[in-house]
Each structure stands twice: as C-alpha cells, then as structure tokens.
Amino acid sequence: MVLKLPKHKYEISHNMTCCHTYPKTMLSPQHTHPPPHHHLPLLHHPLSTTTITFNRRHPPPISASSHPPPTNPPNQDTKILRTHNARSTSILFQTDPQSQTLNGYHKNEILKLLELSMAKKRTPQFPGSIYIQSPADTTVESSLPPIKDVFNAENDYDFEVIMRALEIRREVTLEIFKEAMRKGKFGITYVNNLGSRLFPEFIDYVMVQAAAMKQVPEFANSSFNVRAKACLEDCNVVPLIRWLKHNGLSYPQIGKLICNSKGNLESIRTTADWLKSIHVDGRFIGVALLRGGENVLQRSTEELDEIVSCLEKNGVKREWMGYIVSRCPELLSFSMEELETHMKFYFDMGMNEKDFGTMVFDFPKVLGFYSLEEMNQKVAYLKEFGLSNEDIGRLLAFRPQLMGCSIEERWKPLVKYFYYLGISRDGMRRILTVKPMVFCFDFEANIVRKVQFFRDIGVQEKGIASMLVRFPSLMTYSLHKKIRPVVIFLLTKAGVSQTNIGKVIGLGPELLGCSISKKLDPNVKYFLSLGIDLKTLGEMIADFPMLLRYNIDVLRPKYRYLRRTMVRPLNDLIEFPRFFSYSLEDRIIPRHKILMDNRVNFKLRYMLSSTDDEFQQKVDAAVQRRRMFESGISNNLGLDSPTDDSSEDEIDDVDINIDDL
C-alpha cells in the first residue's frame, strides 16, 4: 500500500521556529520530543491523523484538543518521497486487511519482529530514523509490540514464518558459538571453518538446549542469547576443541566428531583417553573415533576393554592393540557375538592362535572390515583352484591381504589373462601359493607391461608362461627399477648377445631378482679374473644362466679343487659351466675319488650329470675296456662291442690313462 505524504509545512520566525506535524502514534510518554532534524516532513498515518505543532527550541506540551487537518485519501500511484527511511516506515504503514496474517500483523512486520527480537546487538540508528528496537531490550522502550503478543498457542503459524524464525535462531546460535571461540583465542578463519562444519547438527543441539533451559527457574527470565552462552559453557565445547586440536585433529575431523557425539561431548574425551591407554598414536586418534562409528562414543570403557581382552585370549598381543585399532577402528563397534563369529570363521580353517594373531597384526581389516558373506564368497572362489580349507587357512595367515581383494575387479580378470598366456589351473595354484600377492595387483598396470617387455627381448610365448609359473616373484618386481636394469647389465657388462638374451631370461628368470651391485657385478668380475673373456662368459651364461647367482665363496673352493686336485684345464669349465651347480662334498669329491681308484677319467659332463647307478655302470664299462686294452685284446673287440648302455659319444669321451699301462 503506497501512501501519499503532504508537502512540507514550515513556520519560520525570527527565533528560527519550525512547525512540524507528526502522527500521534509515533510519540510515546517517554518520547515527547521527536528525533532532532532541521527538515522533517509531515507524516500522516491513516489510522491516526492528529497533527502536533511545536517550536523547535521550546516545544509546547501536547494538547489533547489538537485537531488534525483534513487529509486526502492516499493515492496508490504516488511514491514515498522520503526514500532513505522508507524501509523503516513500511513496517508501520502496512495495514491492508488482506495482508494481515497473524493477530492483525503483516507477515513482513512479523519477520522483522523476529529478527529484532533475537538480535545480538542493537540496530544502529542515524539521525532522522524512526527508532525501532527489539522488544526484548529492556533498556529501550521499543516501538514494536512484544513478541509474545504476536505469537501464542491459539494461532496457526504460517510455515514460512516458522522456518524463518528457525533460521534466525540458528544464525544467532552460530554467532554466539563463534564469539565463544574467539574469546578462546582461536583465529577468525579457523572459527568460520569449524562453524561451517558444526552447522546445523551441533548448532541445532545448542539451540534446543537453550530453549529447554527456559524451564529452569534460574533462566526463566533470561534471553535466548544468555541461555545459549550458558549451554556452551556447560558442555565445555571450546576447551574440548582446543584439546582435540592439540592432539592433531583437523577442523573437519573435529566438526564431524562433535556432530557424531549427539551432544555427549564428554564421551569424546573419555574414548580418546582410552585409545591412548592402548597405545594408539595421537595422529590416529581422530581417525579411530570417526571410522569407529557413532556407537563407539556411546560405549563404556568396560565394553571396549572386553573387546581387547577377547583379542588377547586368541593370540593378539597387548602391544599390538594400538596398531590394530588405529588401522581398523571398526572393531570397536562390534558386539561380542559379532567378534566371536568373525574369529570362528578363521579358526574353522585350521588356523591356530599364533597364526591368527600375526594375521590380524599384518592386516587388521581382515577381522573387522568385511562381512561374513563377503569372506565366504572369497574363500569359495579360492577353493576353485583346488585348495582345501586348511590350504586357504595357511594362505590367509601368510597373506591376509587377499581378503581385501575384489573377486570381480581383481581375481577374475587376472585368471582370464593367465589362461590367455597358457597357464593352467595347476600353474595358477602354484602362483597363488608361492606368491599370493600377485592376486592383489592390478594386472593391467603391472603384469601386462612386463609380459610385453619379455616379448620384445625375444622370450618365446611358452617360455613366458613357464617363467611366470616357475618364478612368480617376477611379477612383483618393478619393470623400470629392477627388470630393465638387469637386462641392460647382461647385455653390456656380462657379454650376453641380443640373440641370447631372451634365452637367458627364459631359462633363468631368477636373475632378474638379483642385485646388480651385490651379486651380478661381483660374479662377472670373478669369472673375468679367471681368464675367461667377456664373449666366452656370455656364452657360458647363455648355456647356464644360474652361473651368476652363486656366491663367490661357493665358487672359489670348487674352482680350486678343479684346477689343483683334479688338474683339469679351464676349457673343461668353459664347456660345462654347470660344474658349479654340484656339491663339492657330496658329488664332486666322491666321484673323482672313484675315477682315481679305477684309473679312468671322464669329462665333467658325464662325471657329474648322471645318477649314482648310471655313473657306476659307466665306470665298470670303462674299467672293462681298460683291462681288455691292457691284455692285448684288439680294440675292435673292446670298443666296438660295449657291454654298457652308454652312447657312442660317452664312449668316445672316456679317457684311458696311458701312464697306468
């Protein structure tokens, strides 16, 4: 509704007398003088048109017999000339019966009344403004009606008004909380960030508690602001925030933790102290409280101690509890029935208490993170590889991280790829039992790239499958930090040619797991020091790749015995580098003594590679040929009709000592 204001009316005299006209409703007994201003217009309220004229310096008393001048009906098209105070006067002038919604008050007036009634500070005034202050302020006679006269139990409140009142109270409560934080010497940025995390859960809790304190006789006549401050002081939220921050918790963690407490802030400190008692590191306290769930804060220390005691009785050491709880705080939310059911699942697979304790320490999530249904599905899938219940129990005790792998995302794609490479189910079972960590990898990022690298250097397809089955640890090595440097070393420092590098890696994939500085390079230097040239050494490695894996302390005594006792040339070693693979005490020395006792001599290949029975047959045949030669029987009778099963190559390799004839 737009009101028309009359033109300004002044009475000027020699003593600077001004005549002004004001509505009677704007003057109260305490405010007989209008706000000082030199040029105030005449305001006519439609409900009361009484005009009061007074002198600026000597205002006369208000007379009841004053008659208002005739007023014209307001025109809807006219505008309020006094624009700087139109917002203030619009509250008083909205008297359209159709716009009244509650006890004869306009909705905008009600909303303004709500804002003023819960304001923390007085509204700033300026000269010439209409003085509107909160009715709750007892130091100032407010021009607005008391809020209790507007809201009562007999009215049906408008939903918009109620929601606006709730928003205003939340904002006021949040400001009170920020003020308490600033008094606690917290920075403005930290206070604002934390306040945004506590809004609206904890702010609503404070707001409800402050409203409930109205029933307490001590706070019956107190304002909402006073009650909200008292509520914050009673719950000691500011000291608690400082303590949590001192323990390394960030403001998002503190905010979420306070909201999860549902007002029971003392439980946060109690639970945190209990976590410290079991040696949970300070940086993990916040994580443990948050991931443990809301019911952890509702539990007593006796219930938490019962969980720890149950784990101790089943093989988990007391000094491990802090590490286990910090990595899997979900254990604290388990009931005793749930905990015992999860433990029974592993004990039924033949696992003892020692293995169970080390398994929980290695991977705490194996006990408290996964559901029984999910664990049963994974065990059933592992059984498809031909593993028994006991085998799976030993497998999980050795590598419990398997329980954290997804069947659809990890295991099934890997099994399909192994089938593509030609690995059978038995080969997969060997990979699973020897190196179960392979089933925890992303095969596309790890295994596929290595297989492609082996193809590029010349390893055959069948050789790749046999490599992976023979040496599963190969799939866990880094391609750029481990595998590629070893291949480059073999090509540049060990004399292996590019045509033979695929053969070397295919026959001896274990070389890729050796250290270059501690194993490969010292061995290469040792063989070169024996007088073997680099090209010949490369051929020896191609014939027997494991040559570079032996310790020098093992190689040296065998070489010394070969050269000094057996009096064999270096070429014998070059022709048969596998000589270093046989035991000196169990095979080399005993068989050399047999040859010396029977006065025969074999090449190293036939001396060491055969079994004991085959070796004895060869020795008997060589002794018979020697005796026939000594008795003067023709060579044709002895050598053309061998009595043993040796091949012609083996017969030609038999050396007879002429000095013994």
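Residues numbered from 1 in each chain as written. Predicted model: local features only at pLDDT ≥ 70, side-chain atom pairs only at ≥ 80, totals over all residues. Heavy atoms only, no water.

(A) Main features of the overall build of the protein. In terms of helices and strands, the protein carries 34 helices and 4 strands. A burial count over the protein gives 44% of its 661 residues as buried. Considering only residue pairs separated by 6 or more positions, the protein has 69% of its internal contacts joining residues 24 or more positions apart. Carbon and sulfur atoms provide 51% of the accessible area of the protein, an area that totals close to 35,600 Å². (Helix = DSSP H or I, 4+ residues; strand = E, 2+ residues; numbered from the N terminus. Buried < 20%, exposed > 50% of the residue type's maximum accessible area, 1.4 Å probe, protein only. Contact = heavy atoms within 4.5 Å. Areas by Shrake-Rupley, 256 points an atom, 1.4 Å probe, with all protein chains shown as cover.)

(B) Highlighting the packing of aromatic side chains. Scanning the entire structure with this criterion turns up 24 aromatic pairs. Ring geometry for tyrosine 381 against phenylalanine 385: centres 5.9 Å apart, planes inclined by 75°, an arrangement best described as edge-to-face. Accessibility classification places tyrosine 381 together with phenylalanine 385 in one group, the buried group. Every member of this aromatic cluster is reached through a ring pair, and the members are Tyr381, Phe385, Trp411, Phe418 and Phe439. (Phe/Tyr/Trp six-rings, centres within 6.5 Å; stacked < 30°, edge-to-face > 60°.)

(C) Structural context of the state of the cysteines. Counted by the stated rule, this structure contains 0 disulfides. Summary of cysteine pairing: cysteine 405 is not part of a disulfide, and the nearest cysteine sulfur, belonging to cysteine 440, is at 3.2 Å. (Disulfide = S-S within 2.5 Å.)

(D) Molecular detail of helix α24 (residues 479-492). Here α24 spans 18 Å end to end across 14 residues, near enough to the 20 Å set by a 1.5 Å rise per residue. The largest bend in α24 comes to about 25°, at proline 485. Looking at α24, one finds that the buried residues are Leu479, Ile483, Val486, Val487, Phe489 and Leu490. Where α24 begins, one side-chain oxygen reaches toward the backbone nitrogen of lysine 481, 3.2 Å away; that side chain belongs to serine 478. (Expected span 1.5 Å × (residues − 1). Bend = angle between axes of the 7 residues up to and from the residue. Polar contact = N/O pair within 3.5 Å; in protein donor to acceptor, adjacent residues only side chain to side chain.)

(E) Up close: the environment of threonine 499. When you line up the elements, threonine 499 lands in helix α25 (residues 498-507). Look at threonine 499 and you get exposed, because its relative accessible area is 70%. Residues threonine 499 and alanine 542, spaced 43 residues apart in sequence, show a C-alpha to C-alpha distance of 9.9 Å. A distance of 3.1 Å separates a polar atom in the side chain of threonine 499 from a polar atom in the side chain of serine 497.

(F) Structural view of the pattern of salt bridges. Applying the stated rule across the entire model yields 15 salt bridges. Across the salt bridge formed by aspartate 204 and arginine 170, the nearest N and O atoms sit 2.7 Å from each other. One end of the pair, aspartate 204, is in helix α6 (residues 201-212); the other, arginine 170, is in helix α4 (residues 159-183), with 34 residues separating them in the sequence. Under the relative-accessibility criterion, aspartate 204 is labelled buried at 17%. (Salt bridge = Lys/Arg side-chain N within 4 Å of Asp/Glu carboxyl O.)

(G) Expanded view of the side chain of asparagine 523. Looking at where asparagine 523 falls in the secondary structure, it is placed in helix α26 (residues 516-529). What makes asparagine 523 buried here is its relative accessible area of 2%. Asparagine 523 has contacts with Leu547, Leu548, Arg549, Tyr550 and Ile552, leaving out every residue within four places of it along the chain.

(H) Geometry of the nonpolar core. Counting residues in each nonpolar core, the largest one holds 173 residues, and the members touching the most others are Tyr346, Phe418, Phe454 and Leu490. Of the residues forming this core, the biggest block, 7 residues, is contributed by helix α20 (residues 407-421). Setting aside anything within four residues of it in sequence, one finds tyrosine 346 in contact with Met351, Phe356, Met359, Val366, Met375, Leu396 and Met403. (Core = buried A, V, L, I, M, F, W, Y, C linked by side-chain atoms within 4.5 Å.)

(I) Representation of helix α10 (residues 266-277) in the model. Here α10 contains 12 residues, and its C-alpha end-to-end distance of 17 Å stays within 8% of the 16 Å for a straight helix at 1.5 Å per residue. Taken together, the buried positions of α10 are occupied by Ser267, Ile268, Thr271, Ala272, Trp274 and Leu275. Buried residues along α10 cover an arc of 160° about the axis, so they all sit on one side. Elements that come into contact with the buried residues of α10 comprise α8 (237-246), α9 (251-260), α11 (285-291), α12 (294-297), α13 (301-313) and α14 (321-327). (Arc of directions from axis to C-beta.)

(J) Spatial organisation of the environment of threonine 536. Positionally, threonine 536 belongs in helix α27 (residues 534-543). Its relative accessible area of 16% is what places threonine 536 among the buried residues. Taking the C-alpha atoms as reference, threonine 536 lies 9.1 Å from valine 496; in sequence the two are 40 residues apart.

(K) Local environment of the side chain of glutamate 330. Assignment of secondary structure puts glutamate 330 in the loop between α14 and α15 (336-347). A relative accessible area of 14% means that glutamate 330 is categorised as buried. Reaching out from glutamate 330, the side chain makes a polar contact with the side chain of arginine 291 at a distance of 3.4 Å. Here glutamate 330 is in contact with Arg291, Gly368 and Phe369, once residues within four sequence places are set aside.

(L) Region of interest: unusual backbone geometry. Residue proline 200 is reached from phenylalanine 199 by a cis peptide bond, and omega for that bond is 5°. Topologically, proline 200 is positioned in the loop between α5 (188-198) and α6. Even without being a glycine, lysine 262 presents a positive backbone phi close to 55°. Judged by relative accessible area, which is 58%, lysine 262 ranks as exposed. A positive phi is found at histidine 279, a non-glycine position, where the angle reads about 70°.

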